[in-house]
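Structural description and commentary
Here's the letter readout for the chains.
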Protein chains: 2
Amino acid sequence: MDMEMARQSKTGLMGRMWLRLNLVIENCWARLAAAAWSVVKVGKEDPRRAIHSLKVGLALTLVSLIYYYHPLYTNFGATAMWAVMTVVVVFEFSVGATLSKGVNRGLATLLAGALGVGAHHLACRSGKTGEPILLGFFVFLQATTSTFMRFFPRIKARYDYGMLIFILTFSLVSVSGFRDDEILELAQRRLTTIFIGGAACVIVSIFVYPVWAGQDLHNLIALNLEKLGNFLEGFGDEFFKPPMDIDAETTENKSLRGYKSILSSKSTEESLANFARWEPGHGRFRFRHPWKQYLKLGALTREYAYRIEALDGYLNRNIQVPAQVREQIEEICRDLSSEAAEGLKELSLVVRTMTRGADNIGSRLENCRNAVKDLKALLKTSLWKDTDLLAVIPVLTVSSLLIDVVKCTEKIAEAVHELSSLAKFKETDASVSPEKPLSHVGDKCEASKPAVVPTVENQCPRVVLTVHEVVPENGRLPAAPAPAPTSAPTPTLAPLNS
Amino acid sequence: MDMEMARQSKTGLMGRMWLRLNLVIENCWARLAAAAWSVVKVGKEDPRRAIHSLKVGLALTLVSLIYYYHPLYTNFGATAMWAVMTVVVVFEFSVGATLSKGVNRGLATLLAGALGVGAHHLACRSGKTGEPILLGFFVFLQATTSTFMRFFPRIKARYDYGMLIFILTFSLVSVSGFRDDEILELAQRRLTTIFIGGAACVIVSIFVYPVWAGQDLHNLIALNLEKLGNFLEGFGDEFFKPPMDIDAETTENKSLRGYKSILSSKSTEESLANFARWEPGHGRFRFRHPWKQYLKLGALTREYAYRIEALDGYLNRNIQVPAQVREQIEEICRDLSSEAAEGLKELSLVVRTMTRGADNIGSRLENCRNAVKDLKALLKTSLWKDTDLLAVIPVLTVSSLLIDVVKCTEKIAEAVHELSSLAKFKETDASVSPEKPLSHVGDKCEASKPAVVPTVENQCPRVVLTVHEVVPENGRLPAAPAPAPTSAPTPTLAPLNS
């Protein structure tokens, strides 16, 4: 009986152990699969990441040749280490970042090395006791000053790494000089190996599948304009769809919400622009390409996105528009948002292809302005007399935001136009006059006018229309005249992999 | 005659040179003054910057003692350099950042050193020709894999520097082993000096005027809530002020617009939270303080700021509200925004002082809800029948946004409440029930209801009121009953220097 129980408990134990082992194996397997999946995901998000990794490996293997190849090693000795270090810390994802770090490192080493040698010589003259005190004082003074300088916004943005290397090199050279008298030779060898490491980085970075920060910034700005367009394109359908179709989060919603990334894109844009300035001319970008204008365009895009965010707040809210109001307003709002969307997409295309003239931006904006006029005219009609104001507030707010959006579109069109002049975009057709593409009046002129009586023109959000007035008879305008079609085929949007 | 002219031209030349010299001196002087001014400005913005600089100088001087003090130097020799390097690259502004970098550097060096020694031994066995080939292969493989891993968002956020040091150390140890057979001793000495450098950083960072990333994050979140409150506090005056008072940019406007910095505060908050996780308990913060909750609060603050940005768009626009409408709506809107402002400021105070119970948040929110009800009731009255809809759209939009703002305030109050539970804020008084401070219903419940007939309750932006209904007779409610005053004096807000 006891033996039977013991055997049973033994098989039970074995069974439990087997089960636990199985569980552990399954767990490991699941984790491995998850890890593999995240590798694929990270690689797929931007295939250039895998290439960059290979490039780093290549550059590092190249500079470690100094160790393997005897004649080189006898020349540099242990300072060969600095070449390896330089590659590891200088090699960055984009050419601009690599160049920025490389130049910073090179110049800072040169300057700090010279100063360090000077400090060493000065300290040497003050005797055996005075030397370490004076050296310590120099190091302290230099480290304190340079660290403080790193807080200056301008220096932080462009020379932060250089300042770090400056502190490092000065301290190393001046202090190690206390123990090593061949300080000049050491400094020179170190500089040479750092130069070799830096050169390896820059050469591999530029000549093996280069990643240009400038190109990335360019693509990002174009993509962001397109994302704004995507939202506006889908907005009409989403806002006016029957309440039963509303569900929490559909796939379509996700593509609509692509604009969310724009809200926090400021730092990315700034660092890309910063790196882009270091890059030599490449492809369609000259050395002094107007990168600042991209930042301006980026800021406008963000302002636009804040408005889109406000519009987004009115989606999926189960808003019930009285039927007679809905009938009237739906078409105009749809027109307005889809025309603005098309305008944005064309602007995105202008930026992406760096070609202007083949677009209908002028007529798109014209259509937008006409739609704004229709909307305003509609709001003045007696249609609203009998409606519950509380019930139509969301529709009114959305209308007001859409009118605001047209104004933003005009600002962006102007900024794109400026960019196209500064960066000398290709002209393909004169269908749009490049001199005055927009009949747009700035805010300042408007703001300077004192106390104006409320009219259609000055009441709605910062939009001033200079188009000639057409008074509608039924509260709505006939469809705007179709713009003269341009002969150039509309280029398709290439998918971006940035 | 000729001599006279020559003399004249000579004095003329002297005069011009004198003038030019004066100009150069003046120019230099102006530049020097500008530089001095910017030093003062950077220092005044955050006096801890100057202290940080002195701390770096101190730590660097401390580790360079290894060079000056003979017994130490005989121990470490040239590897003393690594202590200096470690201090320069590891010492960061906050304790968390310094600890994060120090721990990353230490662990990565240990791990990569061990692996590097292993790779060296493995390569040694493959003969004189095979060794460099195998070593090169190892370095390539390791650099490629590690570089790719740096793209994983989680690794990038917390271990990026560690990965860099891992690549560096592995390459250095395995490759330099090719030329140096005392590799183990070298690795051990390097590790020791790195440890010394890291320890110097951490000790100086923690014990000399420490800057805690956690404290900074805490202050930033509290400050941002206050900035939102500042805008809402001034909003009523700005929006309803007579048109003649509108000018481009007054001082008051600038203090109103403090909220703009919140729009792009995401990356700052994230990196502060990241560093805060590394920090030991300090002051009122435990080791595992709920830093994630701060990020949640930060995200809500940003959402709030987007709405404030939309409201801001309606300031200084010369909006003419018909007198009879203005009279009615002005008081309610002012009440609403000032109550929301006070609520935000109290929430900011709760966060800053880490004390709850002494606040009137509950009654502030109650007042807000009452104001929303008044506003909705007003919008349902016949007051609007005879007004030009186009003229009152801005007022209606602002009303709708303000109602939205109340909802956001409730969300933030809820998040602060969660934080106060998680972080165990001090309780001073039971004037507000901590269990159910907000009668607030989430969005999801609302969204799941199909096709609802528009009523006061469901029509306005995402705000569901569960307070008992009081129907106003004249379209306006009597002032909300004054909340029971708490005995605790309202603490004044200390100025922040972060």
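The rules behind each value
- Residues numbered from 1 in each chain as written.
- Chains lettered and ligands numbered in written order.
- Predicted model: local features only at pLDDT ≥ 70, side-chain atom pairs only at ≥ 80, totals over all residues.
- Heavy atoms only, no water.
- Least-squares fit on C-alpha atoms with pLDDT ≥ 70 in both.
- Contact = heavy atoms within 4.5 Å.
- Helix = DSSP H or I, 4+ residues; strand = E, 2+ residues; numbered from the N terminus.
- Polar contact = N/O pair within 3.5 Å; in protein donor to acceptor, adjacent residues only side chain to side chain.
- Buried area = accessible area lost by both parts, 1.4 Å probe.
- Nonpolar A, V, L, I, M, F, W, Y, C, P; charged D, E, K, R; others polar.
- Buried < 20%, exposed > 50% of the residue type's maximum accessible area, 1.4 Å probe, protein only.
- Axes fitted to C-alpha atoms, helices over the stretch in contact; angles between N-to-C directions.
- Left-handed = near helix turned anticlockwise from the far one by under 90°.
- Core = buried A, V, L, I, M, F, W, Y, C linked by side-chain atoms within 4.5 Å.
- Expected span 1.5 Å × (residues − 1).
- Bend = angle between axes of the 7 residues up to and from the residue.
- pLDDT = per-residue confidence, 0-100.
- Domains from an automatic or database assignment.
- Salt bridge = Lys/Arg side-chain N within 4 Å of Asp/Glu carboxyl O.

1. Some details on the relation of the copies chain A and chain B
Both copies of the chain are placed relative to one another by a rotation about an axis and a shift along it. Note on the copies: chain A fits chain B at an RMSD of 0.1 Å, the axial shift is 0.0 Å, and the rotation between them is 180 degrees. What the superposition gives is, in effect, a two-fold axis relating one chain to the other. Residue T397 of chain A, judged by its C-alpha, is the member of chain A lying nearest the rotation axis, at 2.5 Å. When the interface residues of chain A are mapped onto chain B, 99% of them again fall at the interface, so both copies present the same face.

2. Digging into the environment of R48 of chain B
All names here are of chain B. Mapped onto the elements of the fold, R48 is located in helix α2 (residues 48–63). Sequence-wise, R48 and L347 are 299 residues apart; in three dimensions their C-alpha atoms are separated by 27 Å. A polar side-chain atom of R48 sits 2.9 Å from a polar atom in the side chain of D216.

3. Structural notes on the interface of chain A and chain B
Facing 93 residues of chain A, the contacting portion of chain B comprises 92 residues. Interface area for chain A against chain B, summed over the two sides, is near 8200 Å², with a carbon-plus-sulfur share of 70%. The interface formed by chain A and chain B holds six residue pairs in polar contact (both at pLDDT 80 or more) in total. Top contributing element to the side of chain A that touches chain B by residue count: helix α2 (residues 48–63) of chain A, with 10 residues. By residue class, the composition of the side of chain A that touches chain B is 55 nonpolar, 22 polar and 16 charged.

4. A word on the side chain of T301 of chain A
All names here are of chain A. Along the chain, the position of T301 falls in helix α14 (residues 291–312). For T301, a relative accessible area of 1% corresponds to the buried category. A polar contact is formed between the side chain of T301 and the backbone oxygen of L297, at a distance of 2.6 Å. Beyond its immediate chain neighbours, meaning those up to four positions away, T301 contacts N224, L225, L228, I262 and I412.

5. Some thoughts on the packing of α2 of chain B against helix α9 (residues 183–207) of chain B
Residues and elements named next belong to chain B. α9 packs onto α2 with a crossing angle of 145 degrees between their chain directions and a minimal axis gap of 10 Å. Relative to α9, the crossing made by α2 is right-handed. Where α2 approaches α9, its residues K55, L58, A59, L62 and V63 are matched on the opposing element by G197, A200, V204 and S205. Class assignment for the residues of the contact of α2 with α9 results in six nonpolar, two polar and one charged.

6. Regarding the nonpolar core
Grouped together as the largest cluster of nonpolar side chains are 148 residues, with contacts concentrated most on L232, Y304 and L311 of chain A together with L232, Y304 and L311 of chain B. Among all residues touching L311 of chain B, those that are not within four sequence positions of it are F231, L232, F235, V398, L401, L402 and V405 of chain B. Formed by 84 residues, the second largest nonpolar core is a distinct cluster that contains V204 of chain A together with M81, V88 and I194 of chain B.

7. Quick notes on helix α15 (residues 323–353) of chain B
For α15 of chain B, built from 31 residues, the straight-helix expectation of 45 Å at 1.5 Å per residue is met to within 8% by its first-to-last C-alpha distance of 44 Å. I329 of chain B marks where α15 of chain B bends most, by close to 35 degrees.

8. Describing the confidence of the model for chain A
Residues and elements named next belong to chain A. Per-residue pLDDT for chain A has a mean of 80; in total, 81% of the residues score no lower than 70. Counting contacts from residues 430–498, a segment whose pLDDT is below 50, to residues more than four positions away or on other chains yields 116 contacts. Per the prediction output, this complex has pTM 0.78; the corresponding ipTM is 0.78.

9. Here's the deal with the domain arrangement of chain A
All names here are of chain A. For chain A, the domain assignment lists domain 1 (50–207) and domain 2 (213–426). Each of domain 1 and domain 2 has a C-alpha centre, and the two are 48 Å apart. Taken together, the contact pairs 11 residues of domain 1 with seven residues of domain 2. Where domain 1 abuts domain 2, roughly 810 Å² becomes buried across the two surfaces, and 66% of that area is made up of carbon and sulfur atoms. At the boundary of domain 1 and domain 2, one finds zero salt bridges. Applying the counting rule to domain 1 against domain 2 returns two residue pairs in polar contact (both at pLDDT 80 or more). Secondary-structure elements contributing two or more residues to the side of domain 1 that touches domain 2 are α6 (95–124) and α8 (153–176). Examining the composition of the side of domain 1 that touches domain 2, we find that seven residues originate from one element, α6, more than from any other. Residue composition of the side of domain 1 that touches domain 2, by class: six nonpolar, four polar and one charged.

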